[in-house]
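# Coordinates in review
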Amino acid sequence: MMTHWNVSDFATLAGGVVLGCDASMPNRILSDSRDVVPGDAFIALSGAQLDGHTFLEDAAKRGANVLIGSNEDILEKFEKTH
């Protein structure tokens, strides 16, 4: 039997928090905002060359219903403006 997971369940297991509304877990979690389609989740990975948090806006415009990141300041600022 498959268990239904919400984002808040996943966040609790990962030691994270949910900013904004809870949602059902998406089918796909992507790190390239250009590949996001409505209903996907976008995870903002930070690397030596790029910070995925700069692509939150693009992922949201493409229909991501879940945004995952590690920089709480950026995520909170994004949440307040959207």
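What you are looking at is a predicted structure, and each value in this text was computed from that prediction instead of being measured.

## Observations regarding the pattern of salt bridges
Counted by the stated rule, this structure contains three salt bridges. Across the pair Asp-40 and Arg-28 runs a salt bridge whose closest N-O atoms are separated by 2.7 Å. Highlighted residues: Asp-40 in the loop between strand S1 (29–30) and strand S2 (41–43) and Arg-28 in the loop between helix H1 (7–14) and S1, separated in sequence by twelve residues. By relative accessible area, which is 35% here, Arg-28 ends up partly exposed. A salt bridge links Arg-62 to Asp-58; the nearest nitrogen and oxygen atoms lie 3.0 Å apart.

## Topic: the sheet that holds S1
Here we have three strands laid out as an open sheet, ordered S1-S2-S3, and parallel in their pairing. Edge positions in the sheet fall to S1 and strand S3 (66–68), since each of these pairs with one other strand and no more. By the bridge criterion, two bridges tie S1 to S2 in an arrangement that is parallel. Within S2, the residue paired with Ile-29 across the bridge is Ala-41.

## A closer look at a nonpolar patch on the surface
Residues Trp-5, Phe-10 and Leu-13 make up a contiguous nonpolar surface patch of about 330 Å² in total accessible area. Relative to the assigned elements, Trp-5 resides in the segment before H1.

## Thoughts on the environment of Trp-5
Taking the relative accessible area as the measure of exposure, Trp-5 reaches 37% and is therefore partly exposed. Between the alpha carbons of Trp-5 and Asp-73 there is a distance of 26 Å; along the sequence they are 68 residues apart. Apart from residues no more than four positions distant in its own chain, Trp-5 is found in contact with Phe-10, Leu-13, Ser-24 and Met-25.

Procedures and definitions
- In every chain, residue numbers begin from 1 and rise along the written sequence.
- For this predicted model, a pLDDT threshold of at least 70 governs which residues receive local features, and a threshold of 80 or more governs which side-chain atom pairs are given and counted, while totals over whole chains, interfaces and linings are taken from all residues.
- As a rule here, side-chain values cover all heavy atoms of the structure and leave hydrogens and water aside.
- The rule for a salt bridge is simple: a side-chain nitrogen of Lys or Arg has to be within 4 Å of a carboxyl oxygen of Asp or Glu.
- In this description a helix means any DSSP run of H or I spanning at least four residues, a strand means any run of E spanning at least two, and both kinds are numbered starting from the N terminus.
- Any residue under 20% of the maximum accessible area for its type is buried, any over 50% is exposed, and the rest in between are partly exposed; the area is computed with a 1.4 Å probe on protein chains only.
- Strand pairing requires that DSSP identify at least two bridges connecting the strands.
- Distance thresholds for patches are 9 Å for like charges and 5 Å for nonpolar side chains (Val, Leu, Ile, Met, Phe, Trp, Tyr), applied to residues having over 30% relative accessible area and no salt bridge.
- A 1.4 Å probe and the Shrake-Rupley method give the accessible areas. Residues count as covered only by the protein chains that appear here.
- Throughout, a residue-residue contact means that at least one pair of heavy atoms, one from each residue, lies within 4.5 Å.

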